[in-house]
Structure formats: structure tokens, C-alpha cells
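# Residue-level structural notes
The primary structure of each chain is shown beneath.
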Amino acid sequence: MRPEAADQHICWTYDDRRELRAYARSYLAAGIAAGERVWFAGPGDPGWLPAGAEFVSLDSTYAAGAAVDPHAQVAAYAAATEAALAAGHTGLRVFADCTALVRTGAGLDAFARYEALVDRYIAVAPMRAVCALYRPEAGDRAVGELACLHPATNAGDVRFALRGDPGSPGTALLSGELDGDAERLFPAALGRVQPQPENGQIVFDAHRLRFVDHRALLHLQRYAERHDATAVLRTPLTTATHLVELLRLSRIRVEAAR
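The notes below deal with the structure included here. (Residues numbered from 1 in each chain as written. Predicted model: local features only at pLDDT ≥ 70, side-chain atom pairs only at ≥ 80, totals over all residues. Heavy atoms only, no water.)

It is worth spelling out helix α5 (residues 105–124) at this point. End to end, α5 covers 30 Å across 20 residues, agreeing with the expected 28 Å (1.5 Å per residue, within 8%). Taken across its 20 residues, α5 has 14 buried, putting it largely inside the fold. (Helix = DSSP H or I, 4+ residues; strand = E, 2+ residues; numbered from the N terminus. Expected span 1.5 Å × (residues − 1). Buried < 20%, exposed > 50% of the residue type's maximum accessible area, 1.4 Å probe, protein only.)

Moving on, we come to the pattern of salt bridges. Inspection of the entire model under this criterion finds 22 salt bridges. A salt bridge links Glu-137 to Arg-103; its shortest N-O distance comes to 2.6 Å. Taken together, the positions of Glu-137 in helix α6 (residues 135–147) and Arg-103 in the loop between β4 (92–97) and α5 put the pair 34 residues apart, joining distant regions of the chain. A relative accessible area of 57% places Arg-103 in the exposed class. Between Arg-234 and Glu-255 there is a salt bridge, with the nearest N and O atoms lying 2.9 Å from each other. (Salt bridge = Lys/Arg side-chain N within 4 Å of Asp/Glu carboxyl O.)

Another point: the sheet that holds strand β3 (residues 54–57). On the basis of which strands lie adjacent, the open sheet formed by six strands has the order β3-β2-β4-β5-β1-β6 and parallel pairing. Of all the strands in the sheet, just β3 and β6 (152–153) have a single pairing partner and so form its edges. The pairing of β4 with strand β5 (residues 127–134) spans six bridges and is classified as parallel. Within β5, the residue paired with Leu-92 across the bridge is Met-127. Each of β1 (9–14), β2 (37–42), β4 and β5 is contacted by helix α2 (residues 17–33), which is oriented at about 170° to β4, the strand it contacts most. (Pairing = 2+ DSSP bridges. Contact = heavy atoms within 4.5 Å. Axes fitted to C-alpha atoms, helices over the stretch in contact; angles between N-to-C directions.)

Further remarks concern the nonpolar core. By size, the foremost hydrophobic cluster in this structure holds 68 residues, and its most contacted members are Tyr-62, Phe-160 and Leu-162. Here this core takes eight residues from α5, the largest share from any one element. Apart from the residues within four sequence positions on either side, Tyr-62 is in contact with Val-68, Gln-73, Tyr-77, Ala-96, Cys-98, Leu-101, Phe-111 and Tyr-114. Residues Tyr-27, Leu-49, Ala-53 and Phe-95 belong to the second largest nonpolar core, which totals 17 residues. (Core = buried A, V, L, I, M, F, W, Y, C linked by side-chain atoms within 4.5 Å.)

The N-to-C vectors of helix α7 (residues 185–193) and helix α8 (residues 214–226) enclose an angle of 30°; their axes lie 10 Å apart at closest approach. Considering the angle they form, α7 stands roughly parallel to α8. For the pair α7 and α8, the crossing hand works out as right-handed. Each of Phe-186, Pro-187 and Leu-190 in α7 lies in contact with α8, whose residues at this interface are Ala-216, His-219, Leu-220 and Tyr-223. Looking at side-chain class alone, the contact of α7 with α8 contains six nonpolar, one polar and no charged residues. (Parallel < 35°, antiparallel > 145°, perpendicular 65-115°, else oblique. Left-handed = near helix turned anticlockwise from the far one by under 90°. Nonpolar A, V, L, I, M, F, W, Y, C, P; charged D, E, K, R; others polar.)

By the element assignment, Gln-8 lies in helix α1 (residues 5–8). Within the local environment of Gln-8, its side chain forms a polar contact with the backbone oxygen of Ile-122, the two atoms lying 3.2 Å apart. (Polar contact = N/O pair within 3.5 Å; in protein donor to acceptor, adjacent residues only side chain to side chain.)

As C-alpha cells, this is what we get:
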């Protein structure tokens, strides 16, 4: 049985490097016990890894001195996963401290687009990953913009997730709460996930959406306008229907979902 998506791809932020070591050791040890090949990718050469874990330098795992190439990086992890299976492992498990990759605006944008792509791959492949960020260095902006692209995070100030559906480029998975705190993060997430129209519509599977306000709906309207499409919001929230009617958002169609 495949593990739940939330267990497979996690954005984890930390404020104390001792927290990193404790969590990484536990996470990697669980992978070793499950027969997975396990990697720790980060700066330096930690001697604290559990026996059986492999250290790979950040520069060898990601492009050194340059922004990540999203498609090339996903292809590299796909090849590493296949190699792990060929070697008799049950899959690949990676704990990566990605702080150094998001220090610039260009680096953050490239890495966020990569995260949106690799999340689609992880959802259907025998791979698990933790993307760790040292908040004092990465900053709140980077943490927020990356955390909302993951099915699971410990960043308590990020309360929604937007992800691509691996089975359909025209469908996005939307969950959590789109409130005032999501005002900046939501349009950035749309630009990274980039759901594309299929037959003139972009479907947002929002059956796990708990709250949506008018600002988020306005962002959906603008996104649909830019793609000359209709945004189909499938949600159990009746308030979404009322807001769309009140604001006369002609590019949004709300469909009831359980």
C-alpha cells in the first residue's frame, strides 16, 4: 500500500540546528527500517547520520552556484529513485536542507517551481522527501511560499496548500484556509503550480478547503482571465457560491463537492 501523500512530501522549518539533527535522524532511520535508500543532502559532512544513511553534498544533488532547473532536478530524482529500486531498495527517501538554495529571489522562484513539479512526481512514485528550511536564514517569505506547495508542513502560519494533480495538468488540489494571511502567498502559488486549461476550464479540487474569502476568489478570477478559461471550484463551501454571485465573478463556476 502506498503511503499517504502528506507522509511523502513535507516542508519542515526549524529554528535550532539541534532540531534538524533529531528529526533527520528519526526520519532517515525509519527509511532504513523500511528498506529504502536514504539520503541526507545538505551543506557540510554530518557525522551524526544513522548507519546506512548516505550523505550527498548539496552541490552534487542540486546545481552548484545556480538556481535549480526544475525539470532537470525532477528528472535527476526520478533517475535516483529508479536506481534505488534496481539496487533492491523499496524506494528513495531524501532529507534535504534546502536553505542555501533560496537565499535570492531568483533562487526562491526556481526552487518553488521545482517543488510544485516534484510534488507531482512524489505523489505517484516510491519516493519520500523532507525539504528543510532554517527559518532565521531563509526568512518568513521563503518558508511561506514553499510550505504552501506541500501536502504537509510544520509551518503553523501557513494554513492552505495548492498542489498539482499528477493525473491531470488541468486540475489543482486546494485545501486548508484561504484567508487574509494567504493574500500574498496564494497568487504566488498559482504561478508556481500553473494549472493549465483543459477544454476551456481549470478545475480546483477543493473538497478539503475549509474557508475561502473574496480576495482568494478575485485571484482565481484573474488567473482564469489570463488563461482565457473558466475556473471550476469544486468545494462544499456554500459561501463560495454566494461570494462569486455577489462579486459577479464570471470566470468562476462553483460546483458542490462533499
